[in-house]
Amino acid sequence: MGAMKFINLENNAKARRHQSIIKESNIKQIFDLVFENEGISRIEISRITNLSRSTVSLLMEELMGAGLIRGTGERASDFSGRKPIGLEINGDRAQIITLSLRKDNYRYILYDIRGRELEKFSSRIVYKKGCAAKIWKAVKSRSSRLDESRLLGVCVSIPAKINKAEKSINLSILDTDNNFDLLKELKSMRQELPLTAVNQSSARAYAEYKYIYNGKNGDMIYFNIDDGVGAGIMVNGRLFTGEIGHMSIDPKGPLCVCGKKGCLENLIRKTAVIREFAERSGGDKTGLLYALSGGRQGDINYRLIREALEQGDLKVLAAARDIAEKIALGISNVICMFDPEKIVVGGNILELGRTFLDMILSRVKIPGSSGKCLDASGQIAGSGIGDDAENLGVLRFFLDKVFTISVETENTVYLGD
Ligand SMILES: [Zn+2]
């Protein structure tokens, strides 16, 4: 009898656990719907989720009791004469800190739980021991809207390969020394809160997917061509990081830090692109780049190259076509593996302007048949999300995949997919 009782008890505990998982999933589904459809009514939620109206009412009561959702007031009545109450996330209830780490600086944006930006600033930083304390000090002194008692978490985008098994980062473009544990350092910033860390390319991809494509356009690859090179891949709503920067497109190319030759990253990242333009036309006294930089090759940057491109300098255009060819080859290789519905090109390469972007987009090929490949023009586009992409991406990743409502969000380190 004792054994029976024991089994019964365990079953009950199991059932309770199961019930709490179902409840969390339902309540989160409702929260997400209100987040994405401000003004939605209980009836509409019930219709979309297939949850009964009484279940929706019950869970809504809890969400409103917790202050997470509030009514927007009555909407115009329909023909039945009933006036459904519109619902919205209560932004005042909670806040989320996001940090986008870049080579020698970071961008801080504080959002409310409704996803509205409360404040932001950018600052230079050296990534070494004590840097998180420095960031926190800057936040505390420059912030006017941060309310620590309402903070849900700290979310960070990092331009590095995030190793989930070892909880570490590598192949980073941040200048850090080997013994420095950046994740641990960042967690120590607010030890009592969960830290969510997502690879930069993935964070940008997730923002693009959620805000531009509204998450409904099927599988997507985002090529992040920046100070480093990577890809964020969305497949069936799941996010993956693609280390495409270390895909070789030239076996006789320059040696990479990863040990291989001709890695894409060494050919198309920002410093490499600027170097190529400078070497090919920066020293040409009759050329526009020479005039724009005052003959100082070290002063050549994306802004000057863009100007020379837009004014139609022939040598600059020739160099641009060659670089666009390399980028397009890398992209074409990767899409052979996935056949995504949407291909997005983003990162600071876009600072070179529309002329250069069009050179890339028109050169990307997808496999066809009978010896002819197809151009990808219907599927490929430049990123539309802008400078806050990483911050928006980690914010949404946190809200969608880490934040919990009816069970406590675990205080740990979440690493992006
Ligand atoms: Zn490499």
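Criteria and thresholds
Residues numbered from 1 in each chain as written. Predicted model: local features only at pLDDT ≥ 70, side-chain atom pairs only at ≥ 80, totals over all residues. Heavy atoms only, no water. Donors = N, O, S within 2.8 Å, 3.2 Å for Na, K, Ca; no water. Tetrahedral: all angles 85-135°; square planar, octahedral: opposite > 155°, others 65-115°. Buried < 20%, exposed > 50% of the residue type's maximum accessible area, 1.4 Å probe, protein only. Pairing = 2+ DSSP bridges. Helix = DSSP H or I, 4+ residues; strand = E, 2+ residues; numbered from the N terminus. Axes fitted to C-alpha atoms, helices over the stretch in contact; angles between N-to-C directions. Contact = heavy atoms within 4.5 Å. Phe/Tyr/Trp six-rings, centres within 6.5 Å; stacked < 30°, edge-to-face > 60°. Domains from an automatic or database assignment. Buried area = accessible area lost by both parts, 1.4 Å probe. Salt bridge = Lys/Arg side-chain N within 4 Å of Asp/Glu carboxyl O. Core = buried A, V, L, I, M, F, W, Y, C linked by side-chain atoms within 4.5 Å.

### Structural notes on the coordination of the zinc ion
No. 1: For the zinc ion, the full set of protein donor atoms is His 246 (ND1), Cys 256 (SG), Cys 258 (SG) and Cys 263 (SG), at a range of 2.1 to 2.3 Å.
No. 2: Taken together, the four donor atoms surrounding the zinc ion define angles of 101 to 126 degrees at the centre, an arrangement classified as tetrahedral.
No. 3: Donor residues for the zinc ion sit on one chain with the sequence pattern H-x9-C-x1-C-x4-C.
No. 4: Relative accessible area serves as the criterion here: at 6%, Cys 256 is assigned to the buried category.
No. 5: Residue class for Cys 263 comes out buried when judged on its relative accessible area of 0%.

### Points about the sheet that holds strand S12 (residues 238-242)
No. 1: One open sheet accounts for five strands, arranged S12-S11-S10-S13-S16; its pairing is mixed. Of all the strands in the sheet, just S12 and strand S16 (380-382) have a single pairing partner and so form its edges. Neighbour-to-neighbour, the strand axes of the sheet open up by a mean angle of 20 degrees, direction not taken into account.
No. 2: Pairing between strand S13 (residues 342-346) and S16: three bridges, direction parallel. Within the sheet, the bridge partner assigned to Ile 343 lies in S16 and is Ile 380.
No. 3: In this fold helix H12 (residues 354-361) packs onto S13 and S16, with an angle of close to 160 degrees to the strand it touches most, S16.

### A short note on the sheet that holds strand S9 (residues 195-199)
No. 1: Read from one edge to the other, the open sheet built from six strands follows the order S5-S4-S3-S6-S9-S17, with strand pairing classed as mixed. If you trace the sheet from one side to the other, it starts and ends with strand S5 (117-124) and strand S17 (413-415), each paired once. In this sheet, neighbouring strand axes are inclined to one another by 15 degrees on average, regardless of whether the strands run parallel or antiparallel.
No. 2: The pairing of strand S4 (residues 105-112) with S5 spans seven bridges and is classified as antiparallel. Residue pairing in the sheet places Leu 110 in a bridge with Glu 119 of S5.
No. 3: Against the sheet, helix H6 (residues 200-212) contacts strand S3 (95-102), strand S6 (151-158) and S9, and its axis sits at roughly 90 degrees relative to S9.
No. 4: Along the sheet, helix H13 (residues 389-402) contacts S3, S4, S6, S9 and S17; its crossing angle with S3, the most-contacted strand, is approximately 135 degrees.

### Section: the packing of aromatic side chains
No. 1: A full pass over the atoms with the stated rule returns six aromatic pairs.
No. 2: Between Tyr 106 and Phe 121, the aromatic rings sit 6.1 Å apart at their centres with planes inclined by 70 degrees, giving edge-to-face as the arrangement. With a gap of 15 residues between them, Tyr 106 in strand S4 and Phe 121 in strand S5 connect regions that are remote in the sequence.
No. 3: In this structure Phe 121 comes out as buried when scored by relative accessible area, which is 9%.
No. 4: Arranged with centres 4.8 Å apart and planes meeting at 35 degrees, the rings of Tyr 108 and Phe 121 form a pair that is tilted. Taken together, the residues span a long stretch of sequence, with Tyr 108 in strand S4 and Phe 121 in strand S5 at a distance of 13 residues.
No. 5: A residue is classified by how much of its surface remains accessible, and Tyr 108, at 0% relative accessible area, is buried.

### Here's the deal with the domain arrangement of the protein chain
No. 1: For the protein chain, the domain assignment lists domain 1 (2-89), domain 2 (93-206 + 388-415) and domain 3 (211-382).
No. 2: Relative placement of domain 2 and domain 3: their C-alpha centres are 28 Å apart.
No. 3: With 17 residues of domain 2 at the interface, the matching set in domain 3 holds 21 residues.
No. 4: Taken together, the two surfaces of domain 2 and domain 3 that pack against each other cover about 1,500 Å², and 59% of this comes from carbon and sulfur.
No. 5: On the surface where domain 2 and domain 3 come into contact, there are one salt bridge.
No. 6: The partner of Arg 204 in a salt bridge is Asp 226, with the nearest N and O atoms 2.9 Å apart.

### Structural notes on the nonpolar core
No. 1: Core analysis: the biggest nonpolar cluster contains 47 residues, and Phe 277, Ile 305, Ile 327, Ile 331, Ile 349 and Phe 356 have the highest contact counts within it.
No. 2: Once residues lying within four places of it in the same chain are set aside, the contact partners of Ile 331 are Phe 223, Ile 343, Val 345, Ile 360, Val 364 and Ile 380.
No. 3: Ranked by size, the runner-up nonpolar core spans 46 residues in total, among them Leu 33, Val 198, Ala 203 and Tyr 213.

### What to know about the environment of Leu 309
No. 1: Relative to the helices and strands, Leu 309 resides in helix H10 (residues 302-310).
No. 2: Accessibility expressed as a relative area gives 2% for Leu 309, which makes it buried.
No. 3: With 96 residues separating them in the primary sequence, Leu 309 and Ile 405 have C-alpha atoms 52 Å apart.

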